[in-house]
Amino acid sequence: MKQLLLTTILMVCTLATAQVGINTTNPQSSLDILATDAVTPLNTDGILIPRISNFPVTNPTINQQSMLVYLTVDRTNINVSGTPQDYTTGFYYWDNTIPNWVSIAPDTNWKITGNDNVTSGTHFIGTTNSQEVDFRVNNTFVGRLTELGQFELEADEKSVFIGFEAGEAYDPDNTASEHNTFVGYQVGKATNAGRDNTAMGALSLTKNTSGDFNTGVGDETLENNTTGARNTAVGNDALRQNQDGNNNTAIGQTSLNNNRTGDDNTAIGFNAGTTNQTGDNNVFIGVNANTSGTGFNNAIAIGNAASTGNNNAIAIGDDADATSLESIAIGNDADVRGASNAAITIGKGSTVDGGSSNSVILGNGSTINNGSSSSIALGNNNNLAGGVNNAIALGNNVTINNGYNNAIGIGNGATPTKANQLKYGSITEIDQGTAAIVNTSDGRFKYDIKANVPGLDFINRLRPVTYKFDLAKLDTFHNAQIVRENSTKIETGFIAQEIEEAMLASNYDFSGLVKPEDLTKDNYKVSYVTFVVPLVQAVQEQQEVIEIQNKKIELLESRLRKLENLVEGLK
């Protein structure tokens, strides 16, 4: 009775101060409940909030704002707020402003200030159904994640910008600036009017303002381009310094990186075309393929370190060099230089130099230099030097120099010894001044000399004839593509096979007859000039006979005169 009275007195005292204390005489709030022992509490120390297995059919009102309950079972598809949803077991309070029951479970929502309760592979941003995730800025759509894994970004006028300050100057109200795609740090930052540009890589097209239809892939590609259009740059620093050059293509790191105003240039390869700044219509293909000047036009350099150094010059081959105007150098280490304008050299290590304009080389290691203009060298290791104009070397190891103008050397080592001379092989020469055909015949250079040429014995066995040549039969024999008509002209000469018989009969190795190695593939040939030698021998032999006969005649005439004198004396 005393305990009940004490409790009643405590409650009355507490209520008198508008505070309720349970297990305490000094409540610190409207309701202050203490456990029986804070250190070793009982299993009944606590508050039981009303437990419900379902929410009321009739929703609470504003008068129940913040009313607390505990849902003891999970509920699915419950329509409280007008939209069916699921409710899991736990504490809920009534929020009449929604209106709905709001869970007071631990906050698992993503925060705009960051989250520290996430587990990779478990927590995510997105949806748990097939609906796509949209992103908005200022309530304007800017991007979407799709069920297919697509990340769809879109600015006005169908442009896409990804990266710090990418497309920073973009004006969505300017329809002239559309269809741009910029990906990377400050890519396309200044573009405010250009359209249909694509750039990927830090600082690519960063200064572009109104340039159109440009493509840059790689760090700092087309970095300084402002108004240039229709340029393509692939590789770090490609076309980096271009400002207003148009229609250029650079593929390879630093290719055309110094081009500023040049148009219509193409460079493919590391460091290709790096020297060009203002030149137009040039082509550079190969590592370090380049030009020696900044503003040459219509030049072509193809090959590792191939180089041009003048307008309309062409260099093709590793280290090929065409520095003269309108010159062509084709082959590894082929060179045309030294103001050898319009010269052509084709062959490894071949060189035209020293103002040898309009000259042509075809062959490895051949050289035309020292002002040997309008000359031609066909073959390997030929050398035309010393100002030999209009000279021709046809063969290998031919040398023409010392001002031998208009000289021609044909054959291995055929070296003319004066101007206006044709040297055929190492022996035969034709003096173009007299048109005489000459052979080298210096006794200083002959050995094993024998006076064994048959004269009359060989000549008398020959049969001079006239004939007509069956050209059609000859061409058919040689499988010629064009078969000539037979000639009706009467020729004079010998029959090669009869010459061969005469040689055998007279035991004479005659050099004027060329017998084919294979009679099924080639025909006999005759050098009529060579017949001079046996004819001279025959004349000499005939002269000996004549001189003997003359002596006999003189003797007989002497005897006859003596007889005539005797007869005259007898009268």
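Residues numbered from 1 in each chain as written. Predicted model: local features only at pLDDT ≥ 70, side-chain atom pairs only at ≥ 80, totals over all residues. Heavy atoms only, no water.

Quick notes on a negative patch on the surface
Defined as follows: Patch definition: residues above 30% relative accessible area lacking any salt bridge, with like charges linked at up to 9 Å and the nonpolar side chains Val, Leu, Ile, Met, Phe, Trp and Tyr linked at up to 5 Å. Accessible areas in this description were obtained via Shrake-Rupley with a 1.4 Å probe; residue shielding takes into account the shown protein chains only. A carboxyl oxygen of Asp or Glu within 4 Å of a side-chain nitrogen of Lys or Arg is what we treat as a salt bridge. We treat Lys and Arg as the positive residues and Asp and Glu as the negative residues; His and chain ends play no part in the count. All charge positions are set by atom: Lys at NZ, Arg at CZ, Asp at CG, Glu at CD. Secondary structure is summarised from DSSP: a helix means a run of H or I of at least four residues, a strand means a run of E of at least two, and numbering begins at the N terminus for each. Type-normalised accessible area, obtained with a 1.4 Å probe on protein chains alone, sets the label of each residue: buried when under 20%, exposed when over 50%, and partly exposed for intermediate values.
There is a patch of like negative charges on the surface, built from Glu 154, Asp 156, Asp 171 and Asp 173. Relative to the helices and strands, Asp 171 is located in the loop between β12 (160-162) and β13 (181-183). Looking at Asp 171, the relative accessible area reads 33%, which means it is partly exposed.

Quick notes on the confidence of the model for the protein chain
Our working rule: Each residue carries a pLDDT score, the predictor's own confidence in it, on a scale running from 0 to 100. Contact definition: two residues touch when any of their heavy atoms are within 4.5 Å.
Scored by pLDDT, the protein chain has a mean of 89; 94% of the residues are at 70 or more. Below pLDDT 50 for its whole length, residues 1-16 participates in six contacts with residues either more than four positions away or in separate chains.

Here's the deal with the side chain of Thr 345
Quick note on the threshold: N or O atoms closer than or at 3.5 Å make up a polar contact, with two conditions inside protein: a donor-capable atom paired with an acceptor-capable one, and, for residues adjacent in sequence, both atoms drawn from side chains.
Examined against the element boundaries, Thr 345 turns out to sit in strand β27 (residues 344-346). Since its relative accessible area comes to 0%, Thr 345 is described here as buried. Only 2.5 Å separates the side chain of Thr 345 from the side chain of Ser 350, close enough to count as a polar contact.

Concerning the sheet that holds strand β10 (residues 140-145)
The condition is simple: Two strands make a pair as long as DSSP finds a minimum of two bridges between them. For every element, the axis is a line fit to its C-alpha atoms; helices are fit only across the contacting stretch, and the angle between N-to-C directions ranges from 0 to 180 degrees.
The antiparallel open sheet is built from three strands, whose spatial order is β9-β10-β11. Single-partner strands in this sheet number two, and they are β9 (133-137) and β11 (151-153). Across the sheet, the mean angle separating the axes of adjacent strands is 25° when strand polarity is ignored. Pairing of β10 with β11 involves three bridges; the strand directions are antiparallel. Directly across from Leu 145, in β11, lies its bridge partner Phe 151.

Brief notes about the nonpolar core
The tendency in soluble globular proteins is for nonpolar side chains to be buried side by side. Selection criterion: Residues enter a nonpolar core if they are buried and are Ala, Val, Leu, Ile, Met, Phe, Trp, Tyr or Cys, with the set joined through side-chain atoms within 4.5 Å.
Judged by nonpolar contacts, the single largest core of 20 residues is most densely connected at Ala 377, Leu 384, Val 388, Ala 393 and Ile 400. Sequence-distant contacts of Val 388, that is, excluding residues within four places in its chain, are made with Ser 372, Ser 373, Ser 375, Ile 400, Asn 401, Asn 402, Gly 403, Tyr 404 and Asn 405. With 17 residues, the next largest nonpolar core counts Val 187, Ala 199, Leu 222 and Ala 233 among its residues.

Re the sheet that holds strand β8 (residues 100-103)
Strand order across the open sheet formed by four strands is β3-β4-β7-β8, with mixed pairing between neighbours. Among the strands making up the open sheet, the edge pair consists of β3 (51-52) and β8. Relative to strand β4 (residues 68-71), β3 runs parallel, the two sharing two bridges. Among the inter-strand pairings, Ile 52 is bridged to a residue of β4, identified as Leu 71.

Examining the pattern of salt bridges
For side chains of opposite charge, pairing can occur when their charged atoms come near one another. This model, assessed by the stated rule, comprises 16 salt bridges. Note that Asp 196 is salt-bridged to Arg 195, the shortest N-O span being 2.3 Å. Taking the relative accessible area as the measure of exposure, Arg 195 reaches 27% and is therefore partly exposed. Taking the shortest distance from any N to any O, the salt bridge between Asp 237 and Arg 240 comes out at 3.3 Å. For Asp 237, a relative accessible area of 16% puts it in the buried group. For Arg 240, a relative accessible area of 25% translates into the label partly exposed. Where salt bridges share partners, they join Glu 132, Asp 134, Arg 144 and Glu 152 into one cluster.

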